[in-house]
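What follows is each chain in one-letter form.
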Amino acid sequence: MAVYDYLIVGAGLYGAVTAQQLCEAGKKCLIIDRRSHIAGNLYTEQVEGIQVHRYGAHIFHTDDPAIWAYVNRFARFNHYVNSPIANYKGRLYNLPFNMNTFYAMWGCTTPEQAKAKIEEQRRSRYTDTPKNLEEQAINLVGADIYEMLIRGYTEKQWGRPCSELPSFIIQRLPVRFTYDNNYFNSSYQGVPVDGYTKMVENMLDGVDVRLGVDYLKNRDALGTAAKRVVYTGPIDAYFDYCYGPLQYRSLRFETEVLDCPNYQGNAVVNYTDRETPYTRIIEHKHFVFGTQPKTVISKEYSTEWNKGAEPYYPINDGRNNRLYARYKALAMQDERIIFGGRLGAYKYYDMDVAISKALEALQKIG
Ligand code: UDP
């Protein structure tokens, strides 16, 4: 006999929102996670009084007032604005690409000069219909910025040449002809002052939580626990990789406590050359304007995903998208299961999109 209305597999953001909404609607929910903690890759943990983003930096941003109001029910957000710095061979440039970047790169002081410079740069390499990230990037900002701020970083992050990557990845970055270093165009932005783990904990108030439970290894036993299942793990793993594995990128972090109050003066510094082995250094305290005597930094290394590692980024190129479509067709055949989240839907979602996808899916099930 099913004890629960819903079993939610994965206590990351998509799973937590689903559980929260169902619980609020009076459904009895169990959420499980393979890991020993809630919050998935949002997980933050306090070290030296500093909230450390264990699985990489997360900055919440959205254009949707309803989503902003929703997350603010569960956490107090600060006014942090993400303004990463790019370090290319010891020289610093502001991101996203804006007048500060163009000034540092070419000495341009007006938008007109910057536009003319980009125009001159792309003249020889312009493509009418860009088919990949390289062509898209050169069309957007020209060859200098592509070579110094995009190519090395992107190839390290994705482990593939830019000419083989989908162009939508670079469309995430704004290009502006104003002196505005805000990485996002979103109307609302911030970081929870008490960490994301606390936010997810608040979402899961009233939901039964079991940690260290691997659904795929206990499918039969868990299958009877609930009437319906929401699965947020990798879709290919759910189907035992029957069509072959999807590709993901994984990350590895080297985290250190440093005996100084301020190591790099900014939360995020990207190393955009090809030679530096890590993609970026995160100094966690700066997300919440911390004033502790020590600091914690994480160097982020991007690696190809292999079974057993944590999958982070789906690689949405043509081959993987076609493979995903085959898994999705299988998923559609079982009405008892809902697949969602970055891994269940094999999509490079930002946090706000993960939330709105969870809310949309809930509306469909009524
Ligand atoms: N990117 C880049 N240079 C940078 C930062 C980002 O070329 O210094 C490009 C790169 O192609 C990357 C994409 O923008 O894959 C998105 O990067 P971001 O760091 O925003 O992604 P996240 O890992 O935070 O989701």
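See above for the structure.
We now turn to the structure provided with this report. Model, not experiment: these values are computed from the prediction.

**Some points on the packing of helix α1 (residues 13–24) against helix α7 (residues 196–203)**
Phase 1: Orientation of α1 relative to α7, taken along the N-to-C sense of each, is 30°, at an axis distance of 9 Å. As judged from the angle between their axes, α1 and α7 are roughly parallel. Facing α1, whose interface residues are Leu13, Ala16, Val17 and Gln20, α7 presents Met199, Val200 and Met203.
Phase 2: Looking at the contact of α1 with α7 residue by residue, the class counts come to six nonpolar, one polar and no charged.

**What about the pattern of salt bridges?**
When the charged atoms of two side chains with opposite charge come close together, those side chains can pair.
Phase 1: One pass over the structure, following the stated rule, counts 23 salt bridges.
Phase 2: A salt bridge links Lys28 to Asp208, with the shortest nitrogen-to-oxygen separation between them at 3.9 Å. Remark: Asp208 occurs in strand β9 (residues 208–211) and Lys28 occurs in the loop between α1 and β2 (29–33); sequence separation between them is 180 residues.
Phase 3: According to the relative accessible area criterion, Asp208 is partly exposed, its value standing at 32%.
Phase 4: Among the salt bridges present, the one from Asp180 reaches Arg176, with a minimum N-O distance of 3.7 Å.
Phase 5: In the salt-bridge network here, residues are joined through shared partners; they are Arg125, Glu147, Arg151 and Glu155.

**Some words on the sheet that holds strand β1 (residues 4–9)**
Phase 1: The strand order across the open sheet formed by five strands is β9-β2-β1-β10-β16, and the pairing between neighbours is parallel. Since the sheet does not close on itself, it has two edges, and those belong to β9 and β16 (337–339), each with one partner. Averaged over all pairs of adjacent strands, the angle between strand axes in this sheet comes to 20°, irrespective of strand direction.
Phase 2: Sheet analysis places β1 next to strand β10 (residues 226–231), joined by five bridges and oriented parallel. Pairing of Leu7 across the sheet is with Val229, part of β10.

**Here we look at the packing of aromatic side chains**
Phase 1: Summed over all chains, the structure comprises 30 aromatic pairs.
Phase 2: Taking 5.8 Å as the distance between ring centres and 65° as the angle between the ring planes, the aromatic pair formed by Trp158 and Tyr348 counts as edge-to-face. Placement of the pair is Trp158 in helix α6 (residues 143–158) and Tyr348 in the loop between α11 (341–344) and α12 (351–365), with a sequence separation of 190 residues.
Phase 3: Connected via pairs of aromatic rings, a cluster forms that spans Tyr215, Tyr231, Tyr238, Phe239, Tyr243, Tyr327 and Phe339.
Phase 4: The cationic tip of Arg172 hangs over the ring face of Tyr348; the distance from NZ or CZ to the ring centre is 4.1 Å.
Phase 5: For Arg326, the ring lying beneath its charged end belongs to Tyr243, and the centroid distance is 4.0 Å.

**Some remarks on the site of the ligand**
Phase 1: For the ligand, the set of nearby residues contains 17 residues, the closest of which are Thr154, Trp158, Tyr183, Tyr313 and Tyr348.
Phase 2: Within the backbone of Leu149, one N or O atom sits 2.8 Å away from a nitrogen atom of the ligand.
Phase 3: In this structure, an oxygen atom belonging to the ligand sits 2.7 Å away from a side-chain N or O atom of Tyr348.
Phase 4: Protein chains bury 93% of the 530 Å² of accessible surface belonging to the ligand in isolation.
Phase 5: When residues in the shell around the ligand are grouped by element, the largest group, six residues, is from α6.
Phase 6: Tallied by class, the residues present in the shell around the ligand amount to eleven nonpolar, four polar and two charged.

**Some words on unusual backbone geometry**
Phase 1: Here the amide bond leading from Leu95 into Pro96 is cis, since omega sits at -10°, within 30 degrees of zero.
Phase 2: Mapped onto the secondary structure, Pro96 falls in the loop between β7 (91–94) and α3 (99–106).
Phase 3: Of note in the backbone geometry, Glu48 takes a positive phi value of approximately 55° without being a glycine.
Phase 4: Structurally, the position occupied by Glu48 is in the loop between β3 (44–47) and β4 (50–53).
Phase 5: Of the residues examined, Glu48 reaches a relative accessible area of 41% and is grouped as partly exposed.
Phase 6: Even without being a glycine, Tyr346 presents a positive backbone phi close to 50°.
Phase 7: Among the secondary structure elements, Tyr346 is positioned in the loop between α11 and α12.

Scoring rules and cut-offs
Residues numbered from 1 in each chain as written. Predicted model: local features only at pLDDT ≥ 70, side-chain atom pairs only at ≥ 80, totals over all residues. Heavy atoms only, no water. Axes fitted to C-alpha atoms, helices over the stretch in contact; angles between N-to-C directions. Helix = DSSP H or I, 4+ residues; strand = E, 2+ residues; numbered from the N terminus. Parallel < 35°, antiparallel > 145°, perpendicular 65-115°, else oblique. Contact = heavy atoms within 4.5 Å. Nonpolar A, V, L, I, M, F, W, Y, C, P; charged D, E, K, R; others polar. Salt bridge = Lys/Arg side-chain N within 4 Å of Asp/Glu carboxyl O. Buried < 20%, exposed > 50% of the residue type's maximum accessible area, 1.4 Å probe, protein only. Pairing = 2+ DSSP bridges. Phe/Tyr/Trp six-rings, centres within 6.5 Å; stacked < 30°, edge-to-face > 60°. Lys NZ or Arg CZ within 6 Å of the ring centre and 35° of its normal. Near = heavy atom within 4 Å. Polar contact = N/O pair within 3.5 Å; in protein donor to acceptor, adjacent residues only side chain to side chain. Areas by Shrake-Rupley, 256 points an atom, 1.4 Å probe, with all protein chains shown as cover.

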